[in-house]
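# Inside the fold
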Amino acid sequence: MTTDDQRDHRRYAHNGPALIRVEEVFRRYPTGVEALRGVSLIAHEGEVVCIIGPSGSGKSTLLRCVNGLEPIDRGRILFGDREVRGKGREARAIRQQIGMVFQSFELFPHMTALGNVGEGPRTVLRMAHAAVEARARALLDKVGLADKADALPLQLSGGQQQRVAIARALAMEPRAMLFDEATSALDPETVGEVLNVMQQLAREGMTMLVVTHEMGFARSVADWVVVMENGQVLEEGTPARIFGGPRLARTREFLQRVEHAPHDATVKPE
Amino acid sequence: MFHLPAFLDAFPALLSGLRVTIELTLLVMPCAVVVALLLALARLYAPRPIANLAMGRVELWRATPLLLQLYWLYYVMPSEFGILLPGLATVAFGLICNVSAFLSENFRAGIASIRAGQWHAGRALGMSEIQAFFRIVMPQAWSRVLPETASMWVELFKETSLVSTLAVADLTYRALALRTENYRTLEVLTALAVAYLVLAYPQAKFCDWLYRRQRVHE
């Protein structure tokens, strides 16, 4: 595990361009709700950035904007050196390089676990059948579900479904992964298995943008923590600084509230 | 008195009509499914004017009686518009328009019932909207609308009997013709009922089976 000093150093030593760069993004829903009000953040290559904050603060909206599933009204989002857009071939090309994991799993219920994981390579990358199957099996093995290849999503526990969903996203060999409250819909006893897979990914150097209520995960895995409230970034910093001595009273209040929340599962120590 | 020989003799006479009934059902249903899917997609995703047009088309055919629709096509189209189609083609066209109107509402509800997250999951993999529709949304919607579609099939099988009023020689037409020959109304109409029952009952049972199967899956 990296120390806070190392993490701080890594963060500030970055000179190269960020992999994900969100610049002054605004998003107002057709209903009139202002979900994002000038949000900026950066994720460098190989970094785990955790986004925390109360419900309705715009975290999930921000994540959907990053891969263009949700349009933005103002500002811009860059992935590498390309601007993220909502529609068209260019938008799809970027989306292929960004994996996404949803709170409600969103596995395809009419396909087996193997079929789900192979769907991206098969339909989007148009890979040959044998190559698709080999990749899908390897990824199911990686998330510890090699024996569940032929199971339908419905036959799997929540934690298993979410691990299949992670494997499905990884099958596109993305450069970055977005996690939208990936453990919020899980039974407490299966939260750990999903967090472990995420932690393993982080160790392997995957660039990750993680919206989470798991403060234990943010504290021990994140390189950088962004606190959001009301569609804005309240403050950001290394986990040590955010959890050790937040500058703002509102951040302190939020952290005190979630520290006492029952669903904060701890991540297995490395 | 029920005359058994007359009852039994009726069946061979019905046979040629049966062929027309089955042909009509087999022709109409697949066409209606395709048209219904296009109507449903138009109402869900097309620009407003086209969606409204599709809605008008659906409501017009849902809100008028099938018998009237068939008569209108059969008598008004040739006399007022000079469009003269063979009788079978005319009634097939009418049935396709009618059945697709009802089916499209079913399809529309089925497609709309697939939650947005499924679209997001497909598109997050880099799929186009068309890929997401055909790979993700449609297979799920299809399994939801299948039971309703199957019972529509049985309904159609029986409703084709209306075409007998337009000199299309289906099962019912043959029976009514036979009745005017031998005046054995009781035997002939009972034979007709038995013919429909024997053919439709397995189809209805098949629908029940689809309903049960679908319940387990969801």
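Going along each chain's sequence as written, the residues are numbered from 1 onward. Note on labels: chains are lettered from A, ligands numbered from 1, in written order. Only residues with pLDDT of at least 70 are given local features in this predicted model, and only at 80 or more are side-chain atom pairs given and counted; all residues enter the totals for whole chains, interfaces and linings. Hydrogens and waters are ignored; side-chain quantities use all the structure's heavy atoms.

### Some words on the overall build of chain B
Per the secondary structure count, chain B includes eight helices and zero strands. For helices the rule is a DSSP run of H or I covering at least 4 residues; for strands it is a run of E covering at least 2, with both sets numbered from the N terminus onward. Written out in order from the N terminus, the α and β elements of chain B read α-α-α-α-α-α-α-α. Its C-alpha atoms give chain B principal-axis dimensions of about 70 × 50 × 25 Å. In chain B, buried positions account for 43% of the 218 residues. Within chain B, contacts between residues separated by at least 24 positions form 77% of all contacts whose residues are at least 6 apart in sequence. Note on areas: these come from Shrake-Rupley sampling with a 1.4 Å probe, and a residue is covered only by the protein chains present in the view. Of the accessible surface of chain B, which amounts to about 11,400 Å², a share of 68% is contributed by carbon and sulfur atoms. Only protein chains enter the accessibility calculation, which uses a 1.4 Å probe; a residue is then buried when its area is under 20% of its type maximum, exposed when over 50%, and partly exposed in between. Only heavy atoms matter for contacts: two residues are in contact if any of them lie within 4.5 Å across the pair.

### A closer look at the nonpolar core
Burial of nonpolar side chains together is a common tendency in soluble globular proteins. Nonpolar cores are built from buried Ala, Val, Leu, Ile, Met, Phe, Trp, Tyr and Cys residues. Side-chain atoms within 4.5 Å join them into one set. With 51 residues, the main nonpolar core has Ile166, Met177, Phe179, Met198 and Met208 of chain A as its most contacted residues. Counting residues per element, this core draws most heavily on helix H7 (residues 188–203) of chain A, which supplies seven residues. Not counting residues up to four positions away in its chain, the partners in contact with Phe179 of chain A are Leu63, Val101, Ile166, Met198, Leu201, Met208, Leu209, Val210 and Val211 of chain A. Judged by nonpolar contacts, the second largest core, of 45 residues, contains Leu63 and Phe108 of chain A together with Ala132 and Ala141 of chain B.

### Examining the interface of chain B and chain A
Facing 20 residues of chain B, the contacting portion of chain A comprises 28 residues. For any pair of parts, buried area is found by adding up, for both, the accessible area (1.4 Å probe) each one loses once the two are put together. Here chain B meets chain A over a buried area of about 1,900 Å², counting both sides, of which 59% is carbon and sulfur. Salt bridges are defined by distance alone: a side-chain nitrogen of Lys or Arg within 4 Å of a carboxyl oxygen of Asp or Glu. Scanning the region where chain B abuts chain A turns up three salt bridges. Counting only elements with at least two residues in the side of chain B that touches chain A, the list comes to helix H5 (116–124) and helix H6 (129–159) of chain B. Sorting elements by how many residues they give to the side of chain B that touches chain A places H5 of chain B first, with seven residues. Its residues assigned to classes, the side of chain B that touches chain A comprises six nonpolar, nine polar and five charged. Amino acids outside the nonpolar list (Ala, Val, Leu, Ile, Met, Phe, Trp, Tyr, Cys, Pro) and the charged list (Asp, Glu, Lys, Arg) are all regarded as polar, and Gly is one of them.

### Overview of the side chain of Thr21 of chain B
All names here are of chain B. Tracing the backbone through its elements, the reader meets Thr21 in helix H1 (residues 4–45). At 3.0 Å, the side chain of Thr21 forms a polar contact with the backbone nitrogen of Leu171. When sequence neighbours within four positions are dropped, the list of residues in contact with Thr21 reads Phe157, Thr160, Asp170 and Leu171. Counted as a polar contact is a pair of N or O atoms within 3.5 Å, where, for protein atoms, one must be capable of donating a hydrogen and the other of accepting one, and residues adjacent in sequence contribute only when both atoms are in side chains.

### Points about a nonpolar patch on the surface
For patch detection, residues must exceed 30% relative accessible area and be free of salt bridges, and they are connected within 9 Å for like charges or within 5 Å for nonpolar side chains (Val, Leu, Ile, Met, Phe, Trp, Tyr). Together, Phe2, Leu4, Leu8 and Leu186 of chain B make up a nonpolar patch on the protein surface, roughly 370 Å² of accessible area in all. Relative to the elements of secondary structure, Leu186 of chain B occurs in helix H8 (residues 185–217).

### Some details on the layout of surface pockets
All names here are of chain B. Quantified by volume, the second largest pocket comes out at close to 230 Å³. Taken together, Tyr45, Ile111, Ala112, Ile114, Ala116, Trp119, Arg123, Glu129, Ile130 and Phe133 make up the full set of residues lining the second largest pocket. Breaking the lining of the second largest pocket down by element, the ones donating at least two residues are helix H4 (87–112), H5 and H6. Per-class residue counts for the lining of the second largest pocket are eight nonpolar, no polar and two charged. Here a cavity is any set of points on a 1 Å grid over the protein atoms alone where a 1.4 Å probe fits but cannot get out, and a pocket is any open set with protein on both sides within 12 Å along at least 5 of 7 lines; a residue lines the site when it has an atom within 4 Å of a point. Grid points are joined across faces, edges and corners, and a volume is the space filled by probe spheres set on the points.

### Considerations on empty space enclosed by the protein
Applying the stated criterion across every chain yields a total of two cavities of 30 Å³ or more. Size it by volume and the largest cavity reaches roughly 60 Å³. Contributing to the lining of the largest cavity are Ile98, Gly99, Met100, Ala165, Arg168, Ala169 and Met172 of chain A together with Ala121, Ala124 and Leu125 of chain B. Where the lining of the largest cavity is concerned, the elements lending two or more residues are strand S6 (98–101) and helix H6 (158–170) of chain A together with H5 of chain B. Residue composition of the lining of the largest cavity, grouped by class: eight nonpolar, one polar and one charged. In this structure, the second largest cavity encloses a volume near 30 Å³. Forming the walls of the second largest cavity are Lys142, Val143, Leu170, Val197, Gln200, Leu201 and Glu204 of chain A. Counting residues per element, the lining of the second largest cavity draws most heavily on H7 of chain A, at three residues.

### Quick notes on the sheet that holds strand S8 (residues 207–211) of chain A
Residues and elements named next belong to chain A. For two strands to be treated as a pair, DSSP must find at least two bridges joining them. Judged by pairing direction, the sheet is mixed, and its six strands sit side by side in the order S6-S7-S8-S3-S9-S10 without closing on themselves. Only two strands of the sheet have a single neighbouring strand rather than two, namely S6 and strand S10 (232–237). Taken pair by pair, the neighbouring strands of this sheet meet at an average axis angle of 15 degrees, ignoring direction. Examined bridge by bridge, strand S7 (residues 176–180) and S8 share five bridges and lie parallel to one another. Across the sheet, the residue bridging to Asp180 is Val211, located in S8. As a rule, the C-alpha atoms of each element are fitted with a line to give its axis, helices using only the stretch in contact, and angles between N-to-C directions run from 0 to 180 degrees.

### Some remarks on the packing of aromatic side chains
Only Phe, Tyr and Trp rings take part, Trp by its six-membered ring, and two of them pair if their centres are within 6.5 Å. Stacked means planes under 30 degrees apart, edge-to-face means over 60, and tilted covers everything else. Enumeration according to the criterion identifies 11 aromatic pairs over all chains in this entry. The interplanar angle of 80 degrees and the centroid separation of 5.1 Å between the aromatic rings of Tyr74 of chain B and Tyr75 of chain B together place this pair among those described as edge-to-face. A residue is classified by how much of its surface remains accessible, and Tyr75 of chain B, at 43% relative accessible area, is partly exposed. Residues Phe133 of chain B and Phe134 of chain B carry aromatic rings whose centres are separated by 5.2 Å and whose planes lie at 85 degrees to one another, so their mutual orientation is edge-to-face. Since its relative accessible area comes to 5%, Phe133 of chain B is described here as buried. Residue classification places Phe134 of chain B among the partly exposed positions, given a relative accessible area of 48%. Aromatic rings pair up to connect Tyr45, Trp119, Phe133 and Phe134 of chain B into one cluster. Arg168 of chain A extends its terminal NZ or CZ atom over the ring of Phe108 of chain A, reaching a point 4.4 Å from the ring centre. In this arrangement the basic side chain of Arg219 of chain A is found over the ring face of Phe243 of chain A, its NZ or CZ atom lying 4.9 Å from the centre. In our convention, an over-ring charge means Lys NZ or Arg CZ found within 6 Å of a ring centre and within 35 degrees of that ring's normal.

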